[in-house]
Protein chains: 2
Amino acid sequence: MSATIEIREGYVPQSPATLAAYLSGIPAVRSRLGGTESQWSIAEVGDGNLNLVFIVKGPKGGVAVKQALPYVRLVGEAWPLPLSRAHYEHMALSEQARLTGRLVPAIHHYDEKLALIVMELLEPHIIMRRGMITATLYPKFAEDISTFMARTLYFTSDLALTADRKKAMIAAFAGNTALCKITEDLIFTDPYRIAELNRWTSPQLDSYAARWREDGALKVAVSRLKLKFLSSAEAMLHGDLHTGSVMLTPEDTRIIDPEFAFMGPMGFDVGAVIANFLINYFSHDGHEDVPGERDAYRETVLTMMQQIWILFREKFLDLWRGNPAGDAYPISLFQGEDGAATLEAERQAYMDRLWDDTVGFAAAKMIRRVLGLAHNIDLEWIKDADRRAACEARVLTLARDMMVNTTDYPSITAVADAARRVRAEVKSY
Amino acid sequence: MSATIEIREGYVPQSPATLAAYLSGIPAVRSRLGGTESQWSIAEVGDGNLNLVFIVKGPKGGVAVKQALPYVRLVGEAWPLPLSRAHYEHMALSEQARLTGRLVPAIHHYDEKLALIVMELLEPHIIMRRGMITATLYPKFAEDISTFMARTLYFTSDLALTADRKKAMIAAFAGNTALCKITEDLIFTDPYRIAELNRWTSPQLDSYAARWREDGALKVAVSRLKLKFLSSAEAMLHGDLHTGSVMLTPEDTRIIDPEFAFMGPMGFDVGAVIANFLINYFSHDGHEDVPGERDAYRETVLTMMQQIWILFREKFLDLWRGNPAGDAYPISLFQGEDGAATLEAERQAYMDRLWDDTVGFAAAKMIRRVLGLAHNIDLEWIKDADRRAACEARVLTLARDMMVNTTDYPSITAVADAARRVRAEVKSY
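Note on numbering: residues in each chain are counted from 1, in written sequence order. The naming scheme follows written order: chains are lettered A onward, ligands numbered 1 onward. Local features in this predicted model are restricted to residues of pLDDT 70 or higher, and side-chain atom pairs are both shown and tallied only at a pLDDT of 80 or more, whereas totals for entire chains, interfaces and linings draw on every residue. Heavy atoms throughout the structure, all of them, feed into the side-chain values; hydrogens and water do not.

A.B. asks: Which residues make up the pairing of strand E3 (residues 62–68) of chain A, and what are the values?
C.D. replies: Residue and element names in this part refer to chain A. Most of E3 sits out of view: seven of its seven residues are buried. The buried label goes to any residue with under 20% of its type's maximum accessible area, the exposed label to any with over 50%, and the partly exposed label to all in between, with areas taken from a 1.4 Å probe on protein chains only. Every helix listed is a DSSP run of H or I at least four residues long, and every strand listed is a run of E at least two residues long, numbered separately from the N terminus. Side chains of E3 alternate between two faces, with Gly62, Ala64, Lys66 and Ala68 and Val63, Val65 and Gln67 buried alike. In this description, strands pair whenever DSSP reports at least two bridges between them. In this sheet, E3 lies alongside strand E2 (residues 51–57) in antiparallel orientation, the contact comprising seven bridges. From the neighbouring strand, isoleucine 55 faces E3, where its bridge partner is alanine 64. Between E2 and E3, which pair antiparallel and follow one another directly, the connecting turn spans four residues. In this sheet, strand E7 (residues 116–120) lies alongside E3 in antiparallel orientation, the contact comprising five bridges. Considered in E7, the bridge of valine 63 is made with glutamate 120.

Encoded structure:
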């Protein structure tokens, strides 16, 4: 946390009243909304942790407006956070739009001074996490998220970019340190030590929290992941790719909120998705009214999770085969039939290494959602603390093993099998 | 290579005449030289590949002046190279001076527009490579270079820096792409493919060059190293740390020419030193008048090489133990006796991983000096092509095995033993 609240000349946090006047001065937005200022409805709806979010509707259409505050919304002025995160979000969103088109909301307007983005209003989309808690099916999601990850990660990596363009991206995102620090602290550090911000289902999980803080192998493993997060600039990450950063309908998927974007290890993004599916998988025992009621959905969650990795891997490989324009693995070294076979074997080995990273980062993301500051509503919405703790104990048990014994998880199928096994074996917290 | 020669307003390549007038306008330099302009002797002495170097002497003292040219000096205007390399050299030199004090030349003056650095004249220092070719002993070198590497690498890594300061350094060096590209092309790519700039002792090594270009395992291994060079921003590297970047006497060591500096994988710097010792070790068979004449020096070279790694490892570990101020491996996770033991074991494991990188990067540096554009005088000065080729064949044989079978080299002793074995077994090219 930085010490003081940022003061930026010209920056004013918006209210519905000021925002109407502001938006009416932007022709593109005015014509999208239709009518005049007085006909617009504006509601502040931000339910995230950091920012203001407004939904604006006019006679003709609507827009969403996201504005950064100079502090963490959830905590208030006691936790300052720089306005520059809107700059990085806008930059990442623009790059993601270029690479994936309709998988992110369209940007209608960006105001650097106000740290404010006017974007497409996504209707009737809901936050994916909410849909998954009520066992909603999203038949297109595996296809869409695997495309999003494959394209954003591949095309910003050394496999697709020349070194100078890659280094320019690294420099462009290097200033997003405050947001990266949130990840570094809350995911890779605090859950493994006594920290004021930690919280967990207590007293049920007290002994888990205590054991996690004393677990040398686990702390070494998470520290290696943190080091990779700090020093491996593999590709442009979304940086916060959980199911709360997805708005969707069964037909349409959009990835939102890339303010944590920076150039980091690919497995962090892929692992975030896998982790959220595993958390959701374990959460249904706390939501079903009759045991077994959600058996089918549970299996669907695991099936989707497996599809996501399998599709991601295949799409990433296809992009690599078709667009080997980067400075890494220059095609000139792998000519002829033998060369092609050698390179293809190395591509597979590359994906195996990325898989190992994915398993480790997924585990880190799971643990932080149970022992750290920010929890998932998948688990938080289980009212009965004992039932919740039982689900959370399964999350912790699987995650610890994935992080410490990563090589025991050579495939996504192995992860799915282990999830089923842990659910069967861990009866309570 | 960029397409055109850079034009910078105010930039003029210096000649002895213009330089005298320029230096007389800098009080600190004028007083260091003593007397007046007319009493100064100025000689252009650059024997490197890239820049102008002047030695300036006055009645009282001397200075060295290094100026970047907008092209590669060795090649001429056909190979443009940006003047900004002087900016990166100055930045790295300043940082190295802060961290190692007397192990780099003092900077007297820096002119960004002229891409010119006025620095301490090192007398009677010579380029280390020249000394080693004539079997000169440097009893302080292992101590000094291990200190230089341990301090510059440790204190610019995530082990010593907070993430925001580390990322600021990454951004500061991200623009040095043209110099990085030289490394990427000439070290990690060209020696393994048909490339106009390659050269080797021909026809003696023609079959080696051909085999190297067809060697799938080797090309995969070097491509993995290249990927690490492109994406692992572990610490500020010198970037060109061979024995030609060292000026010394038996009593005093200075590391010069950090214009290739950037934030990269530590093993690249350490490997460069190891590689140059191995090349020198193999070269003496081409220099001795009577076989066996240099047996003692040869062993001294291997002993020094072993000391360098052993001292580096111990110093790096000591710095880590004493200054754990970085965001990686936060000390708060490793409290108490158990925590301390766990962290110490992980420190050792970290050094083992760095050692693996070192072996691979050393091998890449060895191969490029035999099959690529830039050769070492250790080998080039062997006039008899057959004798030279025999030495070079040993360099290639050891390097290939180090790169492909890195785990067969668990220690620096294993490398030294293998060098002796290859020298005994590989009788000719």
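There's plenty left to go through after this.
A.B. asks: I'd love a proper account of empty space enclosed by the protein, names of residues and values included.
C.D. replies: The pocket and cavity definitions rest on a 1 Å grid over protein atoms only: a 1.4 Å probe that fits but cannot leave marks a cavity, an open set with protein on both sides within 12 Å along at least five of seven lines marks a pocket, and residues lining either have an atom within 4 Å of a point. Grid points are joined across faces, edges and corners, and a volume is the space filled by probe spheres set on the points. Scanning the model with the defined rule gives three cavities of 30 Å³ or more in all. What the largest cavity holds in volume is close to 230 Å³. Around the largest cavity, the lining comprises 22 residues; the ones closest to its centre are Ile170 and Ala233 of chain A together with Ile170, Ala233 and Met263 of chain B. Of all the elements in the fold, those that place two or more residues in the lining of the largest cavity are helix H6 (163–173), helix H9 (216–231) and strand E12 (262–264) of chain A together with helix H6 (163–173), helix H9 (216–231) and strand E12 (262–264) of chain B. When residues are grouped by polarity, Ala, Val, Leu, Ile, Met, Phe, Trp, Tyr, Cys and Pro land in nonpolar, Asp, Glu, Lys and Arg in charged, and all others, Gly among them, in polar. Of the residues assigned to the lining of the largest cavity, the class counts are 16 nonpolar, four polar and two charged. Taken as a whole, the second largest cavity spans an internal volume of roughly 40 Å³.

A.B. asks: Provide a residue-level description of the relation of the copies chain A and chain B, including the pertinent values.
C.D. replies: In screw terms, the move from chain A to chain B is a rotation of 180° and a rise of 0.0 Å along the axis, fitting with an RMSD of 0.0 Å. The two molecules are tied by a two-fold rotation axis, judged by turn and shift. Take the interface residues of chain A: 100% of them recur as interface residues in chain B, which is what a same-surface contact looks like. In this comparison the copies share one frame, found by least squares on the C-alpha atoms of residues holding pLDDT of at least 70 in both. By definition, residues are in contact when any of their heavy atoms lie within 4.5 Å.

A.B. asks: Residues and numbers for the packing of aromatic side chains, please.
C.D. replies: Residues and elements named next belong to chain A. When the centres of two rings from Phe, Tyr and Trp lie within 6.5 Å, Trp using its six-membered ring, the rings pair. Their planes under 30 degrees apart give stacked, over 60 give edge-to-face, and anything left gives tilted. Evaluated as defined, the whole model comprises 36 aromatic pairs over all chains. For the pair phenylalanine 141 and phenylalanine 277, a centre-to-centre distance of 5.8 Å together with 15° between the ring planes defines the contact as stacked. Separated by 136 residues along the polypeptide, phenylalanine 141 in helix H5 (residues 141–154) and phenylalanine 277 in helix H10 (residues 266–287) bring together distant segments of the chain. Of the residues examined, phenylalanine 141 reaches a relative accessible area of 2% and is grouped as buried. The exposure class of phenylalanine 277 is buried, given its relative accessible area of 0%. Ring pairs connect the aromatic residues Tyr154, Phe155, Trp309, Phe312, Phe316, Trp320, Tyr329, Tyr350 and Trp355, which therefore count as one cluster. When the NZ atom of lysine or the CZ atom of arginine is within 6 Å of a ring's centre and also within 35 degrees of its normal, the charge is said to sit over that ring. In this structure, arginine 211 is placed above the aromatic ring of tyrosine 208, and the distance from its NZ or CZ to the ring centre is 4.6 Å.

A.B. asks: Describe the nonpolar core, listing the residues and the values that go with them.
C.D. replies: In summary, soluble globular proteins display a tendency toward joint burial of nonpolar side chains. Take the buried residues of types Ala, Val, Leu, Ile, Met, Phe, Trp, Tyr and Cys, join any two whose side-chain atoms come within 4.5 Å, and each joined set is a nonpolar core. Grouped together as the largest cluster of nonpolar side chains are 260 residues, with contacts concentrated most on Phe316 of chain A together with Phe316 of chain B. Here phenylalanine 316 of chain B is in contact with Ala150, Leu153, Tyr154, Leu159, Met266, Tyr350 and Met351 of chain B, once residues within four sequence places are set aside. Counting 24 residues, the second-largest nonpolar core is a separate cluster that includes Ala68, Leu83, Leu116 and Val118 of chain B.

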